Structures are given as C-alpha cells and as structure tokens.
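Coordinate analysis (summary)
So you can see what is in the structure, the chains are spelled out below.
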Amino acid sequence: MMDLVIPDKTHDESRQGEALVLEPVTGKNNGRKLYIESYGCAMNFSDSEIVASILSEQGFETTADHNAADVIFINTCSIRENAEQRVRNRLKEFTVSKVKNPGLVVGVLGCMAERLKSKFLEEEKLVDVVVGPDAYRDLPNLIDQVDSGQKAVNVLLSREETYADISPVRLNSNGINAFVSIMRGCDNMCSFCVVPFTRGRERSRDPQSIVAECTDLFNKGYREVTLLGQNVDSYKWNATAESETPNAEASSAETTNFANLLELVALISPELRVRFSTSHPKDITDDVLYTINKYDNICNYIHLPVQSGNSRILEMMNRTYDREWYINRIDAIRRIIPDCAISTDMITGFCSETDEEHNDSVSMMDYVKYDFAYMFKYSERPGTLAAKRYKDDIPEEVKQSRLAQIVAKQQEYSFYRMQARIGKVEKVLIEGYSKKADKDYCGRSDQNAMVIFPVGDNYKPGEYVNVLIERTTSATLIGKVV
Ligand code: SAH
Ligand code: SF4
Ligand code: F3S
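A short tour of the structure in this document, coming up.

Calculation notes
Each chain carries its own residue numbering, running from 1 in the direction its sequence is written. Here every chain gets a letter starting at A, and every ligand a number starting at 1, in the order they are written. In view of the model being predicted, local features appear only for residues whose pLDDT reaches at least 70, and side-chain atom pairs are presented and counted only at 80 or more, with totals across whole chains, interfaces and linings using the full set of residues. Hydrogens are left out, water is left out, and the side-chain values use all remaining heavy atoms of the structure. Here the aromatic set is Phe, Tyr and Trp, taking the six-membered ring for Trp, and pairing holds for ring centres within 6.5 Å; pairs whose planes are under 30 degrees apart are stacked, those over 60 apart are edge-to-face, and all others are tilted. Only protein chains enter the accessibility calculation, which uses a 1.4 Å probe; a residue whose area is less than 20% of its type maximum is buried, one above 50% is exposed, and one in between is partly exposed. For a lysine, the NZ atom is tested; for an arginine, the CZ atom; a charge sits over a ring if that atom is within 6 Å of the ring centre and within 35 degrees of the ring normal. Whether two strands pair depends on DSSP finding at least two bridges between them. Secondary structure elements follow DSSP: runs of H or I no shorter than four residues count as helices, runs of E no shorter than two count as strands, and numbering proceeds from the N terminus. Here the axes come from fitting lines to C-alpha atoms, over the contacting stretch only for helices, and the angles between their N-to-C directions go from 0 to 180 degrees. Contact between two residues is taken to exist if any of their heavy atoms lie within 4.5 Å; hydrogens are not considered. A cutoff of 4 Å decides nearness: a residue is near a molecule or strand if any of its heavy atoms lies inside that distance of it. Throughout this entry, Asp, Glu, Lys and Arg are counted as charged residues, while Ala, Val, Leu, Ile, Met, Phe, Trp, Tyr, Cys and Pro are counted as nonpolar. The remaining residues, Gly among them, count as polar. The split into domains, and so the bounds of each, comes from an automatic or database assignment of domains. Salt-bridge detection follows one rule: a side-chain nitrogen of Lys or Arg within 4 Å of a carboxyl oxygen of Asp or Glu. Oblique is the label for any angle not under 35 degrees, not over 145, and not in the 65 to 115 range, which are roughly parallel, roughly antiparallel and roughly perpendicular in turn. Less than a right angle of anticlockwise turn of the near helix away from the far helix marks a crossing as left-handed, whereas a clockwise turn marks it as right-handed. In plain words, nonpolar cores are sets of buried Ala, Val, Leu, Ile, Met, Phe, Trp, Tyr and Cys residues tied together by side-chain atoms within 4.5 Å. Place the viewer so that the strands point away; then a crossover is right-handed whenever the path from the first strand over the helix to the second strand goes clockwise.

The full count for this structure, using the stated rule, is 13 aromatic pairs. Taken together, a centroid distance of 6.1 Å and an interplanar angle of 35° make the contact between tyrosine 321 and tyrosine 326 tilted. Exposure class is identical for tyrosine 321 and tyrosine 326. Each is buried. Following the ring pairs from residue to residue traces out a cluster consisting of Phe192, Phe350, Tyr378 and Tyr390. The ring of phenylalanine 376 has arginine 80 sitting right over it, with the charged end atom 3.6 Å from the ring centre. Taking NZ or CZ as reference, arginine 88 lies 5.7 Å from the ring centre of phenylalanine 120, over its face.

Encoded structure:
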C-alpha cells in the first residue's frame with residue numbers, strides 16, 4: 001500500500017532532502033528528465049513546485065531516480081552552517097555521477113545559490129548552473145546556455161517577482177494538503193538571519209491570485225491550504241498600487257492585510273482548512289486573532305517564534321519586541337482564541353547570552369507551555385548583522401548543554417499538551433495511511449496534532465472525522481472514530 005503521509009514540512013529545515021516526483025506532461029515531452037531535491041523551509045518546497053511547473057512547460061518530465069536524470073537540481077538552504085554542509089555532501093554524490101555522464105546538468109537553486117553566487121562555481125567545479133530564488137523564470141535560458149557549453153548564473157533578486165501567475169505543479173502530493181506562497185522575501189533584518197540576504201525584499205502576492213489558486217485546489221479535492229511567508233502578519237496588498245492612476249484614498253480603502261486575506265481564503269468553503277506560517281510577534285494583530293476565532297475552518301494553531309525569552313538578547317537579535325510584548329501577544333491569543341495551540345522557534349547560545357538570560361528562555365517555556373518547538377544552537381552566518389557586530393563567543397559545549405536543557409523541557413510540555421487531549425473528541429482531516437500500518441489512518445487535528453485511528457469503511461482520505469482520543473505518545477494522539 002502506498003504511504004500517503006506527508007510530513008509537516010512547514011518549519012523543519014533540518015530534515016533530509018526529498019526527491020520530488022512530477023507526472024510527465026502529455027504532448028510536450030522533450031525527452032529529458034529532471035530530478036529536484038529540496039532542503040530548507042516550506043518556501044523552498046513550494047518554490048520547487050514552481051520550478052517543476054516552469055520546466056514542465058518546456059517538456060521536462062521529472063524522475064524520482066537521480067541516476068535516470070538528465071538535469072539534477074538541488075534547492076538549497078543557508079539558514080545554519082550545518083544546512084549548507086548537508087547540501088555540499090549531497091552535491092559531491094551528484095558530481096560523481098557527472099564524471100560518469102558528462103552530459104548531465106547539475107544545478108544549485110535557492111538560498112545557498114543566492115548567498116554564494118558565482119563563487120559556487122569556483123568552489124564546486126562540477127556545478128553547471130546557479131540560480132537564486134527570484135530567477136526561476138530564466139531557467140529555460142540558463143539550461144540552454146549550459147547545453148551550449150557555458151556555465152550559467154542568475155542570482156538577481158527582484159522587488160516584484162511573486163510567480164503569481166505560475167500554477168505550481170504539486171509534487172509528492174497526497175492531493176489533500178498544499179502550500180500556497182502569499183509573499184516572498186523578508187524586510188526584518190533579525191541580526192542572526194541570512195534570509196533577507198538570500199530572499200531579498202518583502203513583497204506580497206495579489207490576493208486574487210491567492211484566492212484563485214486556493215479555490216482551484218479546493219475544486220481538485222484539496223482540503224487544506226497552508227499560507228506561507230516569512231512574516232505573514234505583514235502581508236499587505238494595495239489594489240491600486242499597480243494601476244495607472246494612483247489615488248491615495250482609493251488605495252487605503254482597497255488595502256488587503258493578513259486578516260482580510262485569511263477571511264477571503266476561509267470564505268472559499270467551510271470544508272477547506274486554512275493554516276498559515278510564520279507569524280511574527282511584532283506584527284500579529286488582535287484583528288488576525290479575531291479572524292482566526294471567527295472562522296471554524298481557520299485552524300487554531302499559531303507558530304509564533306520567540307527566539308529568546310530575554311529582552312536584552314531580543315534587542316541584540318533585532319527582533320523589535322521584548323519579553324513583555326511577547327507575553328502580551330501570548331495572553332491575547334489565549335484570550336481571543338480559546339484552545340489555540342502555540343509553537344515556537346528558539347535559539348540557544350546567541351552572542352554574549354549569560355546563564356541568567358538563557359534561564360529567561362526556559363521560563364518563557366514554562367509560561368507558554370508550547371505545544372511544539374523547533375530549537376537551534378546559534379550558528380553565525382556570514383554577512384549578517386550579528387556576524388558584523390557581535391562575537392560568536394558562547395562555547396560550543398555551552399550552546400549544546402543549553403539546547404539539551406530546552407529540548408528536554410519541551411518534551412515535557414509536548415507530552416503535557418498531548419495528555420490534555422485524552423478523552424476529548426478531535427475533528428481530524430484524514431491525510432492517508434499512518435506510516436507504520438495500513439490498518440490505521442492518520443490526519444491532523446485543528447490544533448495540528450497528528451492523530452492515528454483505525455481505518456474504517458465509512459470514511460476515507462480527504463474527509464473529516466471526529467476521533468475520540470484514548471491515549472498518546474509524546475508526538476501523536478491515538479483514538480477511534482466516534
Ligand atoms: N521567518 C521566521 C523564521 C525563519 S528561519 C521567523 O521570523 O520566525 C527559521 C528559524 O531558524 C528561525 O526562527 C530561527 O529560530 C532559526 N535560525 C535562523 N537563523 C539562525 C541562525 N543563524 N542560527 C540558529 N538558528 C537560526
Ligand atoms: Fe529571518 Fe527575522 Fe525575517 Fe524571520 S523575520 S526570516 S528570522 S529576518
Ligand atoms: Fe528557507 Fe533556508 Fe532559505 S529556511 S528561506 S530555505 S535559508
């Protein structure tokens with residue numbers, strides 16, 4: 001039986017790359033096969049679907065077997081040193097294939113391509129093409145250049161590109177959940193972060209194209225969309241911005257903010273679940289929270305990265321909020337959205353962090369009791385504000401022991417949150433068979449917890465069921481349909 005489980009790709013930059021498979025496009029086949037492997041965040045996975053779409057127009061068919069490929073692309077992540085190291089190791093394997101098959105085209109896409117630009121070609125001599133995240137429309141030309149014996153690079157960043165008109169080819173899809181990019185880039189300049197350099201300026205995508213894409217997904221049977229951006233709360237579209245006759249009054253009346261966009265997508269159908277990521281503590285408004293609460297199909301789950309629980313460290317990180325502000329936002333979520341799951345990202349061992357300051361991160365965990373957290377050791381990234389201004393002075397063992405401490409603490413709270421669901425009935429969207437057994441289905445609850453329950457005759461993937469939770473592991477709820 002085919003395994004239909006799609007992992008929660010939303011924030012897990014650390015997992016291994018995946019081969020993404022695309023059905024051949026009939027009638028337009030150029031006889032060449034494309035293999036794409038993606039690393040990093042959901043934005044990158046979403047971008048790979050755009051790349052696949054652009055190249056399928058050119059007649060490329062994708063393959064899950066890189067040995068059968070004529071073109072190998074690796075869509076890369078730069079977020080931490082070890083993310084880049086993983087890509088380099090993988091590239092070595094591909095370039096070995098290239099020695100055997102000199103006609104093979106090997107390309108590097110995404111954030112590492114943007115960060116290293118043509119330096120990549122000097123460092124990794126067997127790479128043929130380097131393409132940044134805003135230059136994918138140029139891929140057909142770049143492949144032509146390589147075919148004619150040259151190396152090809154396009155790492156131009158754009159202030160406008162949102163690929164709004166390209167309908168992504170859904171790769172490795174279960175036909176139920178899809179990612180939809182609503183914006184690109186980031187203007188925040190958190191001092192530790194490479195993303196503003198690799199993805200460029202923030203720009204929002206036309207809400208009509210977002211609603212059209214989500215409606216189309218719904219009509220094709222999809223039942224959940226996750227709206228993606230580095231900071232979805234700063235989504236902003238000015239309807240007249242593009243028009244010939246700018247008019248200040250009309251434009252303010254026609255501005256779509258994130259709360260408005262959520263509402264537009266929620267109204268497509270009550271049967272379409274809406275999720276989103278990532279929220280930023282400085283920008284998440286009560287309006288957004290009221291909108292989440294107003295619509296049953298907007299899931300009660302917010303990923304709200306805190307990074308640190310200490311105000312001095314937050315200031316050095318240039319996060320532009322402090323501990324009190326973050327707590328105020330948590331309190332607002334608890335007040336406005338009853339029963340909302342909250343997850344976070346946390347960094348240990350940022351420059352000059354003391355034990356006491358680290359303890360503020362720990363006490364923030366005690367305050368929020370996060371349902372889930374992604375936790376990282378600080379990794380200095382070349383070119384960032386922190387790399388320029390501060391010394392990466394916390395010893396590796398200290399970073400590691402602080403990380404181990406918060407990981408252990410989070411395990412307790414994840415378990416606590418899971419246990420609290422025992423005896424409750426969860427509305428679950430069935431995503432497919434559970435990883436381990438064909439006898440079980442899995443799907444996620446409104447609060448984004450994975451739920452496992454026995455397969456039955458009266459329900460199938462893509463449908464909602466009510467599941468009574470009987471027991472849990474630290475990461476999964478287990479129950480039966482009622
Ligand atoms: N836009 C999101 C985060 C995107 S990057 C936000 O603002 O929250 C995902 C996570 O990687 C970040 O939240 C942060 O916790 C982590 N991260 C980013 N840069 C890092 C670095 N240099 N070292 C360690 N972790 C980092
Ligand atoms: Fe990086 Fe900060 Fe932008 Fe998130 S908000 S992508 S952490 S700069
Ligand atoms: Fe995402 Fe990594 Fe780039 S987290 S935006 S792929 S640096």
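There is more to say, and it comes next.
Time to look at the sheet that holds strand β16 (residues 341-348). In a beta sheet, neighbouring strands pair by backbone hydrogen bonds and run either parallel or antiparallel. What the three strands build is an open sheet, ordered β15-β16-β17; its pairing is parallel. Looking at which strands have only one partner, the edges of the open sheet turn out to be β15 (301-303) and β17 (372-377). For this sheet, the mean inter-axis angle between neighbouring strands, taken without regard to orientation, is 10°. Sheet topology places β16 next to β17; six bridges connect them, and they run parallel. Bridge assignment links threonine 344 to a residue of β17, and that residue is alanine 373. Those strands touched by helix α15 (residues 396-419) are β16 and β17, and its axis lies near 175° from that of β17.

A word on the site of ligand 3. Around ligand 3, a shell composed of 11 residues is seen, among which Cys41, Cys77, Ser78, Cys111 and Gln230 lie nearest. Of the residues assigned to the shell around ligand 3, the class counts are five nonpolar, four polar and two charged. Counting contributing residues, the shell around ligand 3 receives three or more from each of domain 1 (2-154) and domain 2 (174-299).

Moving on to the sheet that holds strand β19 (residues 440-445). Strand order in this closed barrel of five strands is β18-β19-β20-β22-β21, and the pairing throughout is mixed. Going across the sheet, the axis of each strand differs from the next one's by a mean of 50°, ignoring polarity. One ladder, built from five bridges, connects β19 with strand β20 (residues 450-454); its direction is antiparallel. The partner of aspartate 440 across the bridge, within β20, is proline 454.

For the rest of this paragraph, the subject is the pattern of salt bridges. Charged atoms that come close allow side chains of opposite charge to pair. What the rule picks out here adds up to 39 salt bridges. The partner of arginine 184 in a salt bridge is aspartate 47, and the shortest N-O contact between them spans 2.9 Å. Placement of the pair is arginine 184 in strand β9 (residues 183-184) and aspartate 47 in helix α1 (residues 42-57), with a sequence separation of 137 residues. Residue classification places arginine 184 among the buried residues on the basis of a relative accessible area of 2%. A residue is classified by how much of its surface remains accessible, and aspartate 47, at 0% relative accessible area, is buried.

Turning our attention to the packing of helix α12 (residues 323-336) against helix α13 (residues 355-368). Running from N to C, α12 and α13 point in directions that differ by 15°, and their axes come no closer than 11 Å. Relative to α13, the element α12 is oriented roughly parallel. You can see that α12 and α13 cross each other, and the crossing is right-handed. Judged by residue contacts, Arg323, Tyr326, Ile327, Ile330, Asp331 and Arg334 of α12 engage Asp360, Ser363, Met364, Tyr367 and Val368 from α13. Classifying every residue of the contact of α12 with α13 by side-chain character gives six nonpolar, one polar and four charged.

We now examine the nonpolar core. Side chains that are nonpolar tend, in soluble globular proteins, to be buried together. Ranked by size, the top nonpolar core spans 66 residues in total, and within it Leu227, Phe258 and Ile302 carry the most contacts. Ignoring any residue separated from it by four or fewer positions in sequence, one finds phenylalanine 258 in contact with Ile182, Leu227, Val232, Asp233, Tyr235, Phe276 and Val288. Counting residues in hydrophobic clusters, the runner-up holds 25 residues, among them Ile36, Tyr136, Leu139 and Val146.

Turning to the pairing of strand β2 (residues 33-38), a few remarks are in order. The element β2 is extensively covered by neighbouring structure, given that five of its six residues are classed as buried. Pairing geometry for β2 and strand β3 (residues 61-62), over two bridges, is parallel. Bridge pairing in β3 links leucine 34 to threonine 62. Taken together, β2, α1 and β3 form a β-α-β motif whose crossover is right-handed.

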